[in-house]
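Tertiary structure, described
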Amino acid sequence: MEPEQAQVDMRRIVEVEVGALSVSDSPRVAGANQDHVEMLAVTDTPLPPIIAHRDTLRVIDGMHRLRAAERRGQCTIGVRFFDGDEADAFVLAVESNAAHGLPLTKADRKAAAARIIGSHPVWSNRMIASTVGMAPATVAKIRRQLPSAATTGNGRRGRVGQDGRFRPLDGAEGRRLAGDLIAADPGLSLRQIARAAGISPETARDVRNRVRRGEDPLLQERDVRERRGGGTGPGRRGSATDRAAVPPRAADRVAAYGRLPVPDRKEVVNRLKGDPTLRYSDTGRTLLRLLGIHAISTEEWDKISAGIPQNCRSVIAQLARDCSDSWSQLAQRAAEHHAAGSVGA
């Protein structure tokens, strides 16, 4: 949501005639709350500047302050201008009203989510949820009720997440694209492939290995059966020792999908805590602490992301991306060292 904020001229406040401003196209379906307007009107402090769309003079953030200024008999009010299209102006209006002041009603937020899905169809459910202030599952339900499909300008089906990355809805498409990238430039790193194709670095590694073996980048039904059923062969990852360290169900899931569900992740971390090679070394204990921190539920992550203060979101988003890159590097190095050790054994 930072792109919209970046287009607000925060350095300049312009006094604009109250009558020239419009409150149409507000995310508040029922209009202004008169009790809140009255409360603002009788305060002794000056009203803070509002935000308005420069092209249309529509109020983006501050409808109640504008009405309070009218009640006070003010001729003008301080305005910061937003430069951008009307769709982005509405998104900023929703985010601003969800972040402070009188909260949007449930009906307001649902209507706003439906409108943003229509104007920004490639935004992920989680990204829209963070804007309107509701659960991603609720946004997903609203999206299912709408006829539109998420596509990018070049026709690829997918979604853009809060980190700005595009991820295909169809995993096969991401694998296919990764295979094409590797064929065109075998020297690309796993991170470059993953970012360009919208897949995880581990999936990029699997695709690269398959391409090197002359196999199809896409997972065939036989590969999925082998990974789920414990068969041997190129589709099966890890040694018997590795599989023994992971509960059987968890091992099957991580082999088939490349990612452990949260309950299995917690179980694996707890079992690793009993490994003396980790418990009795400073490096091992540090690693166990870091792994334990990340073994929290999706709901807990949702609460954390929803509770990030507005003024810190951009910095925290960048730090989170940096941490994600560090974990990806650790995963790559650990896998490479494991592969080297298997060859030498």
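Structure's up top.
Residues numbered from 1 in each chain as written. Predicted model: local features only at pLDDT ≥ 70, side-chain atom pairs only at ≥ 80, totals over all residues. Heavy atoms only, no water.

**Things to note about the packing of aromatic side chains**
Under the criterion given, the structure shown has zero aromatic pairs. Looking at Arg 115, its charged tip hangs above the ring of Phe 90, at a distance of 3.9 Å from the centre. (Phe/Tyr/Trp six-rings, centres within 6.5 Å; stacked < 30°, edge-to-face > 60°. Lys NZ or Arg CZ within 6 Å of the ring centre and 35° of its normal.)

**A few points about the packing of helix 5 (residues 106–119) against helix 7 (residues 136–144)**
Relative to each other, helix 5 and helix 7 sit at 60°, their axes nearing to 10 Å. Our classification of the angle between helix 5 and helix 7 gives oblique. Between helix 5 and helix 7 lies a crossing of right-handed hand. Contacts from Lys 110, Ala 113, Ala 114 and Ile 117 of helix 5 reach helix 7 at Val 139, Ile 142 and Arg 143. Split by residue class, the contact of helix 5 with helix 7 holds five nonpolar, no polar and two charged. (Axes fitted to C-alpha atoms, helices over the stretch in contact; angles between N-to-C directions. Helix = DSSP H or I, 4+ residues; strand = E, 2+ residues; numbered from the N terminus. Parallel < 35°, antiparallel > 145°, perpendicular 65-115°, else oblique. Left-handed = near helix turned anticlockwise from the far one by under 90°. Contact = heavy atoms within 4.5 Å. Nonpolar A, V, L, I, M, F, W, Y, C, P; charged D, E, K, R; others polar.)

**Comments concerning the sheet that holds strand 3 (residues 59–61)**
The mixed open sheet is built from four strands, whose spatial order is 1-4-2-3. The sheet terminates laterally at strand 1 (14–17) and strand 3, the two strands that pair on one side only. Strand-to-strand twist of the sheet, defined as the mean angle between neighbouring strand axes without regard to direction, takes the value 55°. As defined by bridge partners, strand 2 (residues 50–53) adjoins strand 3 across two bridges and the pair is classed as antiparallel. Across the sheet, residue Ala 52 finds its bridge partner in strand 3, namely Val 59. Helix 3 (residues 63–72) rests against strand 2, strand 3 and strand 4 (76–82) of the sheet, and its axis sits at about 120° to strand 3. (Pairing = 2+ DSSP bridges.)

**Notes on unusual backbone geometry**
Its identity is not glycine, yet Asp 25 carries a phi of approximately 65°, on the positive side. Considering the arrangement of structural elements, one finds Asp 25 in the loop between strand 1 and helix 2 (34–41). A positive phi angle, close to 60°, is found at Leu 57, a residue other than glycine. Position of Leu 57 among the secondary structure elements: in the loop between strand 2 and strand 3.

**Quick notes on the pairing of strand 2**
Neither face of strand 2 is exposed, since Ile 50 and Ala 52 on one face and Ile 51 and His 53 on the opposite face are all buried. For strand 2 and strand 4, the ladder comprises four bridges, and the chain directions are parallel. By the bridge assignment, Ala 52 is partnered in strand 4 with Phe 81. Counting the residues in the hairpin turn of strand 2 and strand 3 gives five residues, including Leu 57, whose phi is positive at 60°. (Buried < 20%, exposed > 50% of the residue type's maximum accessible area, 1.4 Å probe, protein only.)

**Details of empty space enclosed by the protein**
Taken as a whole and judged by the stated rule, the model has one cavity of 30 Å³ or more. Computed from the structure, the largest cavity encloses a volume of approximately 100 Å³. Taken together, 13 residues make up the lining of the largest cavity; nearest its centre are Asp 25, Arg 58, Ile 60, Ala 89 and Phe 90. Among the elements of the structure, strand 3 and helix 4 (86–99) are those that each provide at least two residues to the lining of the largest cavity. Sorting elements by how many residues they give to the lining of the largest cavity places helix 4 first, with four residues. Each residue belonging to the lining of the largest cavity can be placed in one class, and the counts come to six nonpolar, four polar and three charged. (1 Å grid on protein atoms, 1.4 Å probe; cavity = no way out; pocket = protein on both sides within 12 Å on 5 of 7 lines; lining within 4 Å. Points joined across faces, edges and corners; volume = space filled by probe spheres on them.)

**Looking at the side chain of Ser 96**
Relative to the elements of secondary structure, Ser 96 occurs in helix 4. Among the polar contacts listed, one links the side chain of Ser 96 to the backbone oxygen of Leu 92, at a separation of 2.8 Å. (Polar contact = N/O pair within 3.5 Å; in protein donor to acceptor, adjacent residues only side chain to side chain.)

**Description of the nonpolar core**
Membership of the largest hydrophobic core comes to 17 residues, with the highest contact counts inside it found for Val 94, Ile 116, Trp 123, Ile 128 and Val 132. Sorting the residues of this core by element identifies helix 4, helix 5, helix 6 (125–132) and helix 7 as the ones contributing at least two each. Formed by 16 residues, the second largest nonpolar core is a distinct cluster that contains Val 18, Leu 21, Val 37 and Ala 41. (Core = buried A, V, L, I, M, F, W, Y, C linked by side-chain atoms within 4.5 Å.)

**Points about helix 5**
Look at helix 5: 20 Å from first C-alpha to last across 14 residues, which is about the 20 Å you get at 1.5 Å a residue. Of all the residues in helix 5, the buried ones are Asp 108, Ala 112, Ala 113, Ile 116 and Ile 117. Along the long axis of helix 5, the arc covered by the buried residues comes to 165°, so they all point the same way. (Expected span 1.5 Å × (residues − 1). Arc of directions from axis to C-beta.)

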